[in-house]
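# Examining the three-dimensional arrangement
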Amino acid sequence: MRGVVQTLVLTGAVRASAVMDEMAELGDGPELARKLVTQRVITERQLAEAIALQSGQTFVDLFTETVDPHAVALVPGGLARRHRLIPISHSGDRLVVGMVDPTDIIAIDDIATVADLRVDPVVVAEDALEYAFQRYMRSDDELSDLSATLEETAATQDTASEQLVEQDSDAPIVRFVNLLITQAIDDRASDIHLEPGETFLKVRYRIDGVLHELQRPDRNIQDGIISRLKIMSAIDIAERRRPQDGRLSVTHHGRKVDLRVATLPTVWGEKVVMRILDNSGVSLSLADLRMSRSNLTRFRDAITRPHGMVLVTGPTGSGKSTTLYTALREVSTPQVNVITVEDPVEYRIPGINQVQVNAKAGMTFQAALRSILRSDPDVVLVGEIRDRETAVISVEAALTGHLVLSTLHTNDAPSAVTRLTEMGTEPFLVATALSAVVAQRLARRLCVQCRERHDQTEEILRDLGLPFDPAAPPVIYRPKGCPSCSGTGYKGRIGLHEVMTMSDEIEKLVVRNATATEIREVATAQGMRSLREDGWAKVREGLTTIEEILRVTA
């Protein structure tokens, strides 16, 4: 790939002045090209087109090109993923193969040997290859084969589970665990659940907020899989009677992905849950949150103030952390000192001081907050307000010239105000310190490749509370299912928001300990849109379904 960046400069994809310093440090090689993609100086497609031009190969866009499933079947999925390629078409004794690096002779030889065909390489973009893997080459069959192999091994070998955990990357137990994690990341899962049963080990992925069962391997291999994960996570494999926590990292297609691991003893063995901490969500901009125009204006005004408190509320898994990290990226500049206190620190962000809570060492939320306020912060992020002391310190910090961002577990925005006062914070302090509260939910987003129109009657829509204009009836869609979305009809999630900003009227209500219902009535009169109303707006935009809105805002 030598000379790719020079090709990008010659084609006008990037300015020479923008890469001169990096070229002096990294040279004109793949490291620099990949860095330019990471920094969003160029796109994956521009890089692939430059590689094609530099190597004299043809560029193929896998987002639009039709891939022959029979050609895909000629090459094992594991081999294709390892070499970053996918067969596209097959004619006679020739096999057209899309490759990220068409100069990889070893990969070409391996494919030619396995398929017993001559290989014609073409260049494809990295992100388009991921899309093709999702659509044409899932790992379910390979996982099933490995599971069967492991069951046979466990049945014929009288060995302890720890002896099954080999360091050899080709060992079945290692391949099974690695493939399990890789498949979850490829499927955009947020969590992996390994749940022991009486006769089998249930494997489930949480995708777009909903659990999907993937595998049911025999329980004979359960101890080996769990021991392997414990070793990877630096967890004591001999301790099986109490819960343990750990962390592991994997390299997935050239990027590092962290997983938080938790074990829980059950009657049938240890349950393991792995939370996938993907940093891609942290690089969002405020526009990517897909707030309505009025909500975005209210939220931006609140986080760009020099002081005050902004709370994001919602249940676990509703995207509160992503919203707060996005806000941090918006306000974090070299002139601002940002400090966070979290339990745990899920995403490491360059340029931000992040503090990990450690109760055993005496580093509680309260102790960390007191220390932070002596460290000259401009912006403070408190992972979660859980008790009176944390609430009081956070409110006082907002009153003394700091911007405080935090989360709270309440069902809606008005309830956050009453929750703070119920914790023991003085109502007049809450009224003065609080700038805005954002209640949030996540609904599954419709797959745009296969969604289909689904007309509903005026009576049904009005009963649901969805605004209906006979002159311009809304266009409603429903899920169908296709290879792109793994047959679910949904791909990704979208946020529903309820943004309440403090006004003089609401402050007066807070001071006199008004109920959440009273606060909601005033906030609604002042333009606040409820979660369900925001959801109906996104249904009319064709982004999600009526069923999803009813599910997450019930």
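Model, not experiment: these values are computed from the prediction.

What counts, and where the lines are drawn
- Residues numbered from 1 in each chain as written.
- Predicted model: local features only at pLDDT ≥ 70, side-chain atom pairs only at ≥ 80, totals over all residues.
- Heavy atoms only, no water.
- Pairing = 2+ DSSP bridges.
- Helix = DSSP H or I, 4+ residues; strand = E, 2+ residues; numbered from the N terminus.
- Axes fitted to C-alpha atoms, helices over the stretch in contact; angles between N-to-C directions.
- UniProt positions renumbered as here; feature names shortened; annotations may be inferred.
- Phe/Tyr/Trp six-rings, centres within 6.5 Å; stacked < 30°, edge-to-face > 60°.
- Lys NZ or Arg CZ within 6 Å of the ring centre and 35° of its normal.
- pLDDT = per-residue confidence, 0-100.
- Parallel < 35°, antiparallel > 145°, perpendicular 65-115°, else oblique.
- Left-handed = near helix turned anticlockwise from the far one by under 90°.
- Contact = heavy atoms within 4.5 Å.
- Nonpolar A, V, L, I, M, F, W, Y, C, P; charged D, E, K, R; others polar.
- Buried < 20%, exposed > 50% of the residue type's maximum accessible area, 1.4 Å probe, protein only.
- Salt bridge = Lys/Arg side-chain N within 4 Å of Asp/Glu carboxyl O.

With that settled, the discussion passes to the sheet that holds strand β12 (residues 353–356). Here we have 7 strands laid out as an open sheet, ordered β12-β11-β13-β14-β10-β15-β18, and mixed in their pairing. Of all strands in the sheet, those bounded by a partner on one side alone are β12 and β18 (490–501). The mean angle between the axes of side-by-side strands here comes to 20°, regardless of whether they run parallel or antiparallel. The pairing of strand β13 (residues 379–382) with strand β14 (residues 403–408) spans 4 bridges and is parallel. Residue Leu381 lies in a different strand from β14, and its bridge partner there is Leu405.

In this section: the UniProt feature "domain: Bacterial type II secretion system protein E" (unreviewed entry) in the protein chain. According to UniProt, the positions carrying the feature "domain: Bacterial type II secretion system protein E" (unreviewed entry) are residues 373–387. Split by type, residues 373–387 is 7% helix and 27% strand. Its first and last C-alpha atoms lie 18 Å apart.

For the coordinates displayed, the defined rule picks out 1 aromatic pair. Each ring, one from Phe63 and one from Tyr131, has its centre 5.2 Å from the other, and the planes form 45°; the classification is tilted. Note that Phe63 is positioned in the loop between α4 (44–55) and α5 (69–72) and Tyr131 in helix α8 (residues 126–136), a separation of 68 residues in sequence. A cation sits over an aromatic face here: Arg451 above Tyr477, 4.2 Å from the ring centre.

Moving on to the confidence of the model for the protein chain. Looking at the protein chain, the pLDDT average stands at 84 and 86% of residues meet or exceed 70. The element-level mean pLDDT for the protein chain is lowest in helix α10 (residues 161–164), coming to 45, with strand β10 (residues 308–313) highest at 96.

The contact between helix α15 (residues 365–373) and helix α16 (residues 388–399) brings their axes to 9 Å, and the two run at 20°. When the interaxial angle is binned, α15 and α16 end up roughly parallel. In the packing of α15 onto α16, the handedness of the crossing is left-handed. Side by side, α15 and α16 meet where Phe365, Gln366, Leu369, Arg370 and Leu373 of the first sit next to Glu389, Thr390, Ile393, Ser394 and Ala397 of the second. For the contact of α15 with α16, a count of residues per class yields 5 nonpolar, 3 polar and 2 charged.

The pairing of strand β1 (residues 85–91) with strand β2 (residues 94–99) spans 6 bridges and is antiparallel. Opposite Pro87, over in β2, you have Val97 as the bridge partner. In this antiparallel pair of consecutive strands, β1 and β2, the connection spans 2 residues, and Gly92 shows a positive phi of 65°.

This part takes up unusual backbone geometry. For Asp116, which is not glycine, the phi dihedral falls at a positive 55°. Although it is not a glycine, Arg290 sits at a positive phi angle of roughly 60°. One can find Arg290 in the loop between β9 (269–277) and α13 (293–303).

To continue, consider the environment of Phe365. By the secondary structure assignment, Phe365 is in helix α15. With relative accessibility at 6%, the residue Phe365 sits in the buried group. Excluding residues that lie within four positions of it along the chain, Phe365 makes contacts with Val341, Glu342, Asp343, Val357, Val382, Gly383, Glu384, Arg386 and Thr390.

The subject of this paragraph is the pattern of salt bridges. By the definition in use, this model includes 30 salt bridges. The salt bridge partner of Asp191 is Arg275, with a shortest N-O separation of 2.6 Å. Of this pair, Asp191 sits in strand β4 (residues 189–196) while Arg275 sits in strand β9, and the two are 84 residues apart along the sequence. A relative accessible area of 25% places Arg275 in the partly exposed class. Across the pair Arg386 and Glu384 runs a salt bridge whose closest N-O atoms are separated by 3.3 Å. Salt bridges here are not isolated pairs; linked through shared partners, they connect Arg45, Glu49 and Asp61.

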